[in-house]
Amino acid sequence: MSQTLRDARKYEEITEQNIGAGEKPSFHLAARVGWMNDPNGFSYYQGKYHLFYQYHPYNSHWGPMHWGHAVSGDLLHWEYLPAALAPDMAYDEAGCFSGSAVELPDGRQLLMYTGVHKEVQEDGQVREVQAQCLAIGDGRDYGKYQGNPVLGEHDLPEGGSKYDFRDPKMWKAADGTFRCVVGNCAPGRDGQILLYSSKDGLSWKYEKILAANHGRFGKAWECPDFFGLDGKHVLLTSPMDMLPQGLEYHNGNGTLCLIGDYDEKEEVFTEEQDQAIDYGIDFYAPQTLLAPDGRRIMVGWMQNWDTCNLHSPEQPWFGQMSLPRELSVVNGRLVQKPVRELLALRREKVRHENVIFSGLKTLDGVKGRKIDMELSIRPLDEENMYRKFAVRFAQDSTYHTAISFRPLESILKIDRKFSGTRRAVIHQRRSRVGSKNGEIKLRVILDLFSVEVFVNGGEHVLSATIYTDRAADGISFLVDGVAAMDVVKYSLEI
Ligand code: FRU
């Protein structure tokens, strides 16, 4: 093991002692110490879920990337393992960027990640070159492969950039051979996803451009994933520098899901539909695994690149994952539900049925900052459509975060403007959701530093981080007009 990795392991073990219980999310995985971004190597290996992550242990801002590592039996109780990778070789001196994991036929775990190194150009400028590298291990300790890098600039299609060539996602094909998709750029920083194959997981071969942006969705495409689901094939990617398109895509780095058909023999993907993956403020770089019971489960980095350098680097941790979500494709759309394991954390059921109200309402027993709450809202009758419904949470006399719904436009808004933030960054997002006759179902999951809203059984999901003092645990409801509401609320205990 290199000194660089040994140092990181020692540092995280010592400094994690400075973070008190209750200072971190309770059932969302956060950085052990320091900084976390993308999920990496999300996999099921030797009886446990493994979730690695982009990691800079030494302070809570992005820096030379390591891979942090945690394991779980239920995707909610996470146990940290020592950092898995450090930037300790010439070919990854500038960072071990995102990647994935599969099991080799001999039972060892194979990681593929992007090694980044600096290259001096003819004009004296330094640029970072990206290439794909392997590490092999036992679920805790990993050794870098002697043949690294295994995919480099000679494995690119014509015009493909070696400066934007990252985030390999591998999987095992039905015949036992391996495939992977990698994010890349055509000239003009136009995103494209490349497909590679391997017989043994070690030696890789370029196949083709699986999908190309052609200027439609942002610029570079990062963190691809590709899998079959419910008779369709799904390509996930996270485009950088997006322009807004209606209420579907927003400015900045976003998420994109392309659903279509895949001819496995010819390896041709035909896109049919596109949609955002998450419609909230904080969600990026999702990655999936196939669970032993056949579920396709996705986890994303619950942050937004444009708002994540505003805190002091001295803050002991920054960055958390979304709840793992079960995916399905229904009527050509990606549907997401919190993993069913969450049901086991539910305690203290509180139920209020057919609450008919106008103006402001609070309900007995409905409060808390670690909750799973199901709301079902409807007009009293169709002639008297309410104009707006809102639920406020993480609330005290000064602060709150709100989700509001306008049935006439079918627009749902998340708004954290009053959550205590003091920076002029994005605080609101609106999404057009499916609702008929003013009826909508919301499942609102709060952890200490986040909210995730699953709309109408997961047809839309909106995620956002909030850093309001945890003592602000009030919940209230507002209706402009008159509406009827059912509420079922549980506290979540880990
Ligand atoms: C996406 C990303 C990846 C890269 C990693 C670096 O958030 O930019 O493309 O591998 O972060 O930390």
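This section reports on the structure supplied with the text. (Residues numbered from 1 in each chain as written. Predicted model: local features only at pLDDT ≥ 70, side-chain atom pairs only at ≥ 80, totals over all residues. Heavy atoms only, no water.)

Taken together, Asn-37, Asp-38, Gln-54, Trp-62, Met-65, Phe-97, Ser-98, Arg-166, Asp-167, Glu-222, Tyr-284 and Trp-305 are the residues near the ligand. Interatomic distance of 2.9 Å between a side-chain N/O atom of Arg-166 and an oxygen atom of the ligand. Within the side chain of Trp-305, a nitrogen or oxygen atom sits 2.9 Å from an oxygen atom of the ligand. Out of a free accessible area of 320 Å², the ligand has 94% covered by protein chains. Elements supplying a minimum of two residues to the shell around the ligand: strand 1 (34-45), strand 5 (95-103) and strand 9 (165-172). Along the lines of polarity and charge, the residues of the shell around the ligand split into 5 nonpolar, 3 polar and 4 charged. (Near = heavy atom within 4 Å. Polar contact = N/O pair within 3.5 Å; in protein donor to acceptor, adjacent residues only side chain to side chain. Areas by Shrake-Rupley, 256 points an atom, 1.4 Å probe, with all protein chains shown as cover. Helix = DSSP H or I, 4+ residues; strand = E, 2+ residues; numbered from the N terminus. Nonpolar A, V, L, I, M, F, W, Y, C, P; charged D, E, K, R; others polar.)

Among the surface-exposed residues, Ile-356, Leu-380 and Val-482 lie close enough to one another that they form a single nonpolar patch of about 230 Å² accessible area. Inspection of the secondary structure assignment puts Ile-356 in strand 22 (residues 346-361). Look at Ile-356 and you get partly exposed, because its relative accessible area is 44%. (Patch = residues over 30% accessible without salt bridge, like charges linked within 9 Å, V, L, I, M, F, W, Y side chains within 5 Å. Salt bridge = Lys/Arg side-chain N within 4 Å of Asp/Glu carboxyl O. Buried < 20%, exposed > 50% of the residue type's maximum accessible area, 1.4 Å probe, protein only.)

Turning to the sheet that holds strand 18 (residues 296-301), a few remarks are in order. Read from one edge of the open sheet, 4 strands run 17-18-20-21, paired in antiparallel fashion. Because the sheet does not close on itself, it has two edges, and the strands there are strand 17 (284-290) and strand 21 (333-338). Across the sheet, the mean angle from the axis of one strand to that of its neighbour is 40°, orientation sign disregarded. Looking at chain direction, strand 18 and strand 20 (residues 325-330) are connected through 2 bridges and run antiparallel. Across the sheet, residue Ile-297 finds its bridge partner in strand 20, namely Glu-326. (Pairing = 2+ DSSP bridges. Axes fitted to C-alpha atoms, helices over the stretch in contact; angles between N-to-C directions.)

This paragraph deals with the pattern of salt bridges. As enumerated under the stated definition, the model contains 31 salt bridges in all. Across the pair Glu-271 and Arg-216 runs a salt bridge whose closest N-O atoms are separated by 2.8 Å. In this pair, Glu-271 is assigned in strand 16 (residues 268-275) and Arg-216 in the loop between strand 12 (204-212) and strand 13 (221-229), connecting sequence segments 55 residues apart. Classification of Glu-271 by relative accessible area gives partly exposed; the value is 29%. A residue is classified by how much of its surface remains accessible, and Arg-216, at 34% relative accessible area, is partly exposed.

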